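Okay, here's what each chain looks like letter by letter:
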Amino acid sequence: MADEPWGLTAAEVAERMARGDVNADVDVKTRSVGQIVRENVCTLFNAINVILAAFVLLTGSYKNMLFMIVIVCNVVIGIVQEIRSKITTDRLSIVAGSHATVIRDGARTQVALHDIVRDDVVVLGRGDQVPADAVVVSGEADVNESLLTGESNLIKKASGAELMSGSFVNAGTVCARVVHVGHENYAAKISAEAKQHKKVNSEIMNSLNGIIKFVSCVIFPVGALLFARMFFSGEEVALNQAILSTVAALVGMIPEGLILLTSTVLAVAVVRLAKSKVLVQQLYCIETLARVDTLCLDKTGTITTGAMEVAAVVPVAGAGAADAGVKRAGADGAPGDGASGGAAADMAASGGGGVGAVPASPRSAGYAAELDVALASLAAADDDPNETAQAVAAYYAARPAVRPLAPMRTVPFSSDKKWSGAAFEGRAYVMGAGRFVMGDAFDAFEEQAGELAATARVLAVARVEGFDPDGAIVGAPVLLGFVCIHDQIRATAAQTIGYFKDQGVSVNVISGDDPRTVAGIAAQVGVEGAEEYVDATTLETPEQVADALRRYHVFGRVKPEQKKQFVVALQEQGHVVAMTGDGVNDTLALKQADCSVAMAAGSDAARNVAQLVLVDNDFASMPKVVAEGRRSINNLQRSASLFLVKTLLSMTLAVLFVLLPWQYPFQPIQMTLISAFTIGIPSFVLALEPNKERIRGRFLENVIVKSIPGAVCAVLGVLAVNAVGRLVLGLDYGQVSTLCVLLTAWVGVMLIIRLSVPFTPIRTALLVVVVGGTVLGATLLHGLFGIEPFTVPMAVLLAVCAVAASALFHWLYGVFGRWHEARLARWA
């Protein structure tokens, strides 16, 4: 630049660095590896199991510590998944370069972004991201601030204008003096609330944590009583045996396999979604999105691609108003660099009209042909095209019949005149804001322009006689028509929004753009109620916001802090809210939402606070996430009932055997046999099957209803075996324990049968494996699992109890099933 400033001297830079006026790195960061490891290892669930394992270790019975394998696997899965997501997220950073060009001692030099100091002069050209808040000191540029404000329109910046950190230079070059650094920057202030790691509001996770907290409150008091009852009773139970029996009761209370199953199922979903270019940053957000009933979409970058396109090329309406412009040009005009003459009459029509075009008179048909040539020529003549010029150029690149003219002179766009132009051989054209191009003569076209502006940004295109030496228009312009520019809508947007509508999810479009523009785009992609919209600047109180959210689905001119307010209001109304966005202006709302989705091409702040990142920036991936969530939740609900049977059984028996005069009939290794074949293996198989049914009811209620029949039958069976076996048949502890293990396994098999209906080849094979594995453990591996050889009294007692348990189980399962279905019907 001719007027390029000198910049700071080396001494001035050193002085500012010494006092801390440096653009320190304040980006939102992902958690460190150490934090991820600590959060997965240091949990109440793990602590309880480690304490129980320590007691078993004291006995020297190492085989009874096998339950810790499940705990270790669960921790490893959680750590590996979160570190994987962290690495992927860190690699997604797309800040336009890690260096900036600054002027120091009169020379340009490259420095790291965090080495920029206050008062540095930075040079910013097309495609550069503003590294710190600054003020333009020379040059002009078009700046895109959509990541900060949500408004997609380009803003012209000239000397004295403010540049906000995080915005992008779309066209032009400026020198700007840095006024804010580090935490003072606009983007840093907006994203300050996003720095803390966001917890997921997951019903499954909350249910599991609730179970663990409840168990932790009762496990040690009950354990102490059970141990004391056995060790200090008259049965002379050895210390090690009392410890093992107590630990067996307590381990059975903890659904450690359910925690592992949940982590595994969700991890499988993460891998599947990764193949569809969806990065899952937190496992449980898959479930949350599947439960969402309200989806808040940011327009720019979500429904639209962020690029501009020509929506329509519309000639002026009728010949009368246009003729007035011609007469004015003939009366007041003076010759300049080019003359329009009657060249338009000789041009062939190219069909450049579009949506909103009006019937053309013979003269306006001629204008339509000339309008196409004018637009194509102006776009081709621009050496540094902005998004508008690029959109026009792309529009006519697909229409080769319209041949652009060779420019003889160009007049670049400026913020003062708000138009650009070019002179060609025998003619000249301008394009820009209608009022600035036509002056008072634009009154005749105000109505037509207003109708077009309802859904797009409208620019006027006029023929002029030429330009004076200063670049001003010579003579009175003749309006040829309008070019309507709007955001490019994603090809899959309508289909995706239609999917959510079909699933009963309410879709709200929330944008910083003009509400008329937002409504127009929302209507094109099928958002319900798009014809009615709200200007968010009119919503001044929380009550007004809440009322508007109940009645409307399209909101424009929404400020960043209002987006968060919208999400809070919806949550207070009882909705589960998902929010999509890509800019710093979306960060607060993303963090507040129950499920947050960011585009990979968005800001670092948005990506790091979001739970889901669409790596290919395609909103069409969302239905796949919902489908994975449904498969995971529905199958987990079915499989979790197997684990809850063991938990309910163990808790009930632990309390009962504090009161009963017998030793607790299970050991940890025997609970491992039951967990492996009648719970673990079938639950994993059933949990990974396809399942796209809608989610109904609450997770914990759905699980417990299916668990109660099995738990009741198992408890009654164990009590019957102990009473009859000890008091009538005179069986010893080992024989009673064997019968209790096998009867509990039989109840588990019955539950598996009910969960497997209707049977498939995989489910049939699963049942064979479950029965075969249990039999194998009880026969060939009887020594490992503490199974005693069978006697005739044992066989008779087991057969009688098994038949009675079967009849009772199927009756209870039917009763609870009918009750639950009626409850779900009322809940729906």
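In every chain, residue numbers begin from 1 and rise along the written sequence. Local features in a predicted model are, by the rule used here, given only for residues with pLDDT of at least 70; side-chain atom pairs are given and counted only at 80 or more, and totals for whole chains, interfaces and linings are based on all residues. Calculated side-chain values reflect all of the structure's heavy atoms, with hydrogen atoms and water omitted.

**Brief notes about the packing of helix α9 (residues 256-275) against helix α24 (residues 668-687)**
How two helices sit against one another is set out by the angle between their axes and by the gap between those axes. Inclusion rule: Axis geometry follows a simple rule: fit a line to the C-alpha atoms, using only the stretch in contact for helices, then measure angles between N-to-C directions, giving values from 0 to 180 degrees. Secondary structure elements follow DSSP: runs of H or I no shorter than four residues count as helices, runs of E no shorter than two count as strands, and numbering proceeds from the N terminus. Convention used here: angles under 35 degrees read as roughly parallel, angles over 145 as roughly antiparallel, angles from 65 to 115 as roughly perpendicular, and any remaining angle as oblique. For a crossing to be left-handed, the near helix must be turned anticlockwise from the far one by less than a right angle; the clockwise case is right-handed. By definition in these notes, contact holds between two residues if any of their heavy atoms fall within 4.5 Å. In this count, Pro and Cys sit with the nonpolar residues alongside Ala, Val, Leu, Ile, Met, Phe, Trp and Tyr, while Asp, Glu, Lys and Arg are called charged and the others, Gly among them, polar.
Packing of α9 against α24 brings their axes to within 10 Å, and their N-to-C directions diverge by 30 degrees. In this view, α9 runs roughly parallel relative to α24, as classed from their interaxial angle. Taken as a pair, α9 and α24 cross one another with a handedness that is right-handed. Contacts from Leu260, Leu261, Thr264 and Val265 in α9 reach Ser683, Phe684 and Ala687 in α24. The class makeup of the residues in the contact of α9 with α24 is five nonpolar, two polar and no charged.

**Some remarks on the packing of helix α7 (residues 203-231) against helix α23 (residues 622-659)**
For the pair α7 and α23, the least separation of the axes is 9 Å and the interaxial angle reads 20 degrees. Put simply, α7 runs roughly parallel to α23. Helix-helix and strand crossings are classified by hand; for α7 and α23 the assignment is left-handed. Taking contact as the criterion, the partners of Ile204, Ile211, Phe214, Val215, Val218, Val222, Leu225, Leu226 and Arg229 in α7 are, on α23, Ile633, Leu636, Leu644, Met651, Ala654, Val655, Phe657 and Val658. Taken together, the residues of the contact of α7 with α23 break down into 16 nonpolar, no polar and one charged.

**Brief notes about the pattern of salt bridges**
To keep it simple, the criterion reads: By salt bridge we mean one thing: a side-chain nitrogen of Lys or Arg within 4 Å of a carboxyl oxygen of Asp or Glu. Three exposure classes are used, based on accessible area relative to the maximum for each residue type with a 1.4 Å probe and protein chains only: buried under 20%, partly exposed in between, and exposed over 50%.
Tallying each qualifying case throughout the model produces 20 salt bridges. Residue Glu203 pairs with Arg291 through a salt bridge whose shortest N-O separation is 3.4 Å. Taken together, the residues span a long stretch of sequence, with Glu203 in helix α7 and Arg291 in helix α10 (residues 285-291) at a distance of 88 residues. The class for Glu203 is buried, based on a relative accessible area of 17%. For the salt bridge of Arg463 with Glu370, the shortest nitrogen-to-oxygen distance reads 2.9 Å. Here Arg463, found in strand β14 (residues 457-464), pairs with Glu370, found in helix α13 (residues 362-381); they are 93 residues apart in sequence, far enough to count as distant.

**Some points on the sheet that holds β14**
Put simply, the rule reads: Strands are labelled as partners when DSSP assigns at least two bridges between them.
Reading across from one edge, β10-β17-β14-β13-β12-β11 is the order of the six strands in this open sheet, with antiparallel pairing throughout. Looking along the sheet, the strands with just one partner apiece sit at the ends: β10 (304-315) and β11 (407-411). Across the sheet, the axes of successive neighbouring strands diverge by a mean angle of 20 degrees, strand direction being ignored. Examined bridge by bridge, β14 and strand β17 (residues 478-489) share seven bridges and lie antiparallel to one another. Paired with Arg457 across the two strands is Ile485, which belongs to β17.

**Observations concerning the environment of Phe413**
Mapping Phe413 onto the fold places it in the loop between β11 and β12 (419-424). Owing to a relative accessible area of 31%, Phe413 belongs among the partly exposed residues under this scheme. Residues Phe413 and Met431 lie 18 residues apart in sequence; the distance between their C-alpha atoms is 9.1 Å.

**A word on the pairing of strand β2 (residues 107-112)**
As defined by bridge partners, strand β1 (residues 99-104) adjoins β2 across six bridges and the pair is classed as antiparallel. Residue pairing for β2: Val102 is matched across the bridge by Thr109. What sits between β1 and β2 in their antiparallel hairpin is a turn of two residues, with Asp105 showing a positive phi close to 55 degrees.

**Topic: the nonpolar core**
For the record, the criterion: Here, nonpolar core means buried Ala, Val, Leu, Ile, Met, Phe, Trp, Tyr and Cys residues that are tied together by side-chain atoms lying within 4.5 Å of each other.
Ranked by size, the top nonpolar core spans 132 residues in total, and within it Leu52, Leu289, Ile303, Leu612, Tyr664 and Phe666 carry the most contacts. For this core, the element with the highest residue contribution is α23, accounting for 16 residues. Filtering out sequence-adjacent residues up to four positions away, Ile303 remains in contact with Leu297, Asp298, Gln488, Ile489, Arg490, Ala493, Ile497, Val509, Ile521 and Val525. Among the nonpolar cores identified, the runner-up in size contains 51 residues, and Met438, Phe445, Val464 and Val483 belong to it.

**Looking at the pairing of β12**
With six of six residues buried, β12 is to be regarded as a mostly interior element. Residues Trp419, Gly421 and Ala423 of β12 are buried on one face, and the alternating residues Ser420, Ala422 and Phe424, pointing to the opposite face, are buried as well. Pairing of β11 with β12 involves four bridges; the strand directions are antiparallel. Bridge pairing in β12 places Val411 opposite Gly421.

**A few points about the sheet that holds strand β22 (residues 595-599)**
The sheet built from eight strands is open, its strands ordered β8-β23-β22-β21-β9-β18-β20-β19 with mixed pairing. The outermost strands of the open sheet, each flanked by one partner alone, are β8 (278-280) and β19 (534-535). The sheet strands contacting helix α20 (residues 560-572) are β9 (294-298), β18 (506-510), β20 (554-556) and β21 (577-581), and the helix crosses β21 at an angle near 165 degrees.

**Quick look at the side chain of Arg16**
Here Arg16 lies in helix α1 (residues 10-18). Ignoring sequence-local partners within four residues, the contact set of Arg16 consists of Leu8, Asp21, Val22, Val117, Arg118 and Asp119.

**Thoughts on a nonpolar patch on the surface**
Using the following cut-off: Nonpolar side chains (Val, Leu, Ile, Met, Phe, Trp, Tyr) are joined into patches within 5 Å and like charges within 9 Å, using only residues with over 30% relative accessible area and no salt bridge. Method for areas: the Shrake-Rupley scheme with a 1.4 Å probe, in which residue coverage is limited to the protein chains shown.
Nonpolar side chains collect at one region of the surface, where Ile51, Phe55, Leu58 and Phe220 lie side by side and expose about 390 Å² of accessible area between them. Looking at which element gives the most residues to the nonpolar patch, the answer is helix α3 (residues 44-59), with three residues. You can see Phe220 is positioned in helix α7.

**Here we look at unusual backbone geometry**
Residue Pro758 is bonded to the preceding Val757 through a cis peptide linkage, with omega at -5 degrees. Structurally, Pro758 is set in the loop between α26 (733-756) and α27 (761-779). Residue Asp105 is not a glycine yet carries a positive backbone phi of 55 degrees. Within the secondary structure layout, Asp105 lies in the loop between β1 and β2.

**A word on the confidence of the model for the protein**
What counts here: How sure the predictor is of each residue is captured by pLDDT, a score from 0 to 100.
When the pLDDT values of the protein are averaged, the result is 81; 87% of them are 70 or greater. No element of the protein has a lower mean pLDDT than helix α12 (residues 320-332), which averages 34, and none a higher one than strand β13 (residues 427-432), which averages 94. Confidence drops under pLDDT 50 across residues 93-97; counting only partners more than four residues distant or on other chains, this segment forms 14 contacts.

**Here we look at the packing of aromatic side chains**
Formally: We call Phe, Tyr and Trp rings a pair once their centres come within 6.5 Å, taking the six-membered ring for Trp, and we label the pair stacked below 30 degrees between planes, edge-to-face above 60, and tilted otherwise.
By the definition in use, this model includes 10 aromatic pairs. Arranged with centres 6.0 Å apart and planes meeting at 20 degrees, the rings of Trp419 and Phe467 form a pair that is stacked. You can see Trp419 sitting in strand β12 and its partner Phe467 sitting in strand β15 (residues 466-467), a full 48 residues away along the chain. Among the residues examined, Trp419 registers a relative accessible area of 5% and is labelled buried. Aromatic side chains Phe657 and Tyr664 sit 5.8 Å apart centroid to centroid with 75 degrees between the ring planes, which places their arrangement in the edge-to-face category. A single burial state applies to Phe657 and to Tyr664, both of which are buried. Grouping aromatic residues by their ring pairs yields a cluster made of Tyr499, Phe500 and Phe619.

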